Amino acid sequence: LPYVVVAIEHWADVTKIDQIETGAPSREHELVCGHSDEAAFVLSARKLVARQYLSEGYITAADIDRNGILRSVVDPYHASSAYFIAFDDQLGQVVATIRQIQFDVASGAKSFPMMSYLDLWPSSRDHLEQSSPESWVELSGLAKEHWVATEIVNRLYREMWARSFA
């Protein structure tokens, strides 16, 4: 049975914008996709990332704190991030997430992991350094439950794209 994805512009906004059908687990249900800054949803998204990253071997159990989220030393970017989630209404849980890390005045260009940890090609680094980091976002923290279809991830990318130009 298919499940339906409902996109909303902001979590507090309950207007249904459009729906897409994708593959599903074993029943018909609804996923709501959009940006959320509500603490409970952000916490659930962060727990999903920690759980999935641990299962994939990207992190170790020592990287996760007693709340089930990545330790601040491992993920210092959560406070300057905008979270996008897919929420399963029937299960009552976040089933997919990704975030946009945004510019932090105190950190400058180091607001972004790519500028701190990646060995960028000089031409790429030069190009970035000639632009204003205040207008940058870095995508990070993509995670989903194993049964969630790729179309849902594409929907989250679409939601981020739309918010970037809002």
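Residues numbered from 1 in each chain as written. Predicted model: local features only at pLDDT ≥ 70, side-chain atom pairs only at ≥ 80, totals over all residues. Heavy atoms only, no water.

S.K.: Describe the overall build of the protein, and please don't skip the residues or the numbers.
M.R.: Tallying secondary structure elements over the protein gives four helices and six strands in all. The secondary structure elements of the protein, listed N-terminal to C-terminal, are β-β-β-α-β-β-α-α-β-α. Within the protein, the proportion of its 166 residues that are buried is 42%. Put simply, of all contacts in the protein between residues at least 6 apart along the chain, 61% involve residues at least 24 apart. (Helix = DSSP H or I, 4+ residues; strand = E, 2+ residues; numbered from the N terminus. Buried < 20%, exposed > 50% of the residue type's maximum accessible area, 1.4 Å probe, protein only. Contact = heavy atoms within 4.5 Å.)

S.K.: Any chance you could break down the side chain of Ser81 for me, citing the residues and the numbers?
M.R.: Along the chain, Ser81 falls in strand β4 (residues 81-88). By relative accessible area, which is 13% here, Ser81 ends up buried. A polar contact of 2.7 Å, which involves the side chain of Ser81, links it to the backbone oxygen of Tyr77. Not counting chain neighbours up to four residues away, the residues in contact with Ser81 comprise Arg99, Gln100, Ile101 and Gln102. (Polar contact = N/O pair within 3.5 Å; in protein donor to acceptor, adjacent residues only side chain to side chain.)

S.K.: An account of a nonpolar patch on the surface is needed here, citing residue identities and associated values.
M.R.: Judged by side-chain polarity, Val137, Leu139, Leu142 and Tyr157 come together as a nonpolar surface patch covering roughly 310 Å² of accessible area. At three residues, strand β6 (residues 137-144) tops the list of elements feeding residues into the nonpolar patch. Following the sequence through the fold, Tyr157 ends up in helix α4 (residues 150-164). (Patch = residues over 30% accessible without salt bridge, like charges linked within 9 Å, V, L, I, M, F, W, Y side chains within 5 Å. Areas by Shrake-Rupley, 256 points an atom, 1.4 Å probe, with all protein chains shown as cover. Salt bridge = Lys/Arg side-chain N within 4 Å of Asp/Glu carboxyl O.)

S.K.: So, the nonpolar core: which residues are in play, and what are the values?
M.R.: The nonpolar side chains of a soluble globular protein tend to be buried with one another. The biggest cluster of nonpolar side chains holds 14 residues, and the ones touching the most others in it are Phe41, Ala45, Ile64, Leu70, Ile85 and Val94. When residues in this core are grouped by element, the largest group, six residues, is from helix α1 (residues 39-56). In this structure Ile64 touches Ala50, Leu54, Ile59, Ile69, Leu70 and Arg71, once residues within four positions along its chain are discounted. By size, the runner-up hydrophobic cluster in this structure holds 12 residues, among which are Leu31, Cys33, Ala96 and Ile98. (Core = buried A, V, L, I, M, F, W, Y, C linked by side-chain atoms within 4.5 Å.)

S.K.: Quick one: what's the story with the layout of surface pockets, residue by residue and with numbers?
M.R.: If you add up the space inside the largest pocket, you get close to 260 Å³. Lining the largest pocket are 18 residues, and of these Leu70, Val74, Asp75, Arg99 and Ser140 lie nearest its centre. Elements with a minimum of two residues in the lining of the largest pocket: α1, α2 (113-117) and β6. Grouping the constituent residues of the lining of the largest pocket by class yields 12 nonpolar, two polar and four charged. (1 Å grid on protein atoms, 1.4 Å probe; cavity = no way out; pocket = protein on both sides within 12 Å on 5 of 7 lines; lining within 4 Å. Points joined across faces, edges and corners; volume = space filled by probe spheres on them. Nonpolar A, V, L, I, M, F, W, Y, C, P; charged D, E, K, R; others polar.)

S.K.: Explain the environment of Ser132 to me, using residue names and the numbers behind them.
M.R.: Counting through the fold element by element, Ser132 comes out in the loop between α3 (122-129) and β6. For the pair Ser132 and Gly108, spaced 24 residues apart in sequence, the C-alpha separation works out to 9.8 Å.

S.K.: Describe in detail α1, supporting the description with residues and values.
M.R.: Helical geometry note: an α-helix holds 3.6 residues per turn, so side chains three or four residues apart project in the same direction. Between its terminal C-alpha atoms α1 stretches 26 Å, which fits the 26 Å expected from 18 residues at 1.5 Å a residue. Along α1, the residues classified as buried are Phe41, Val42, Ala45, Arg46, Leu48, Val49, Ala50 and Gln52. Buried positions along α1 lie against β3 (30-36), β4, β5 (93-102) and β6. Phi turns positive, to about 85°, at Gly57, one or two residues after α1. (Expected span 1.5 Å × (residues − 1).)

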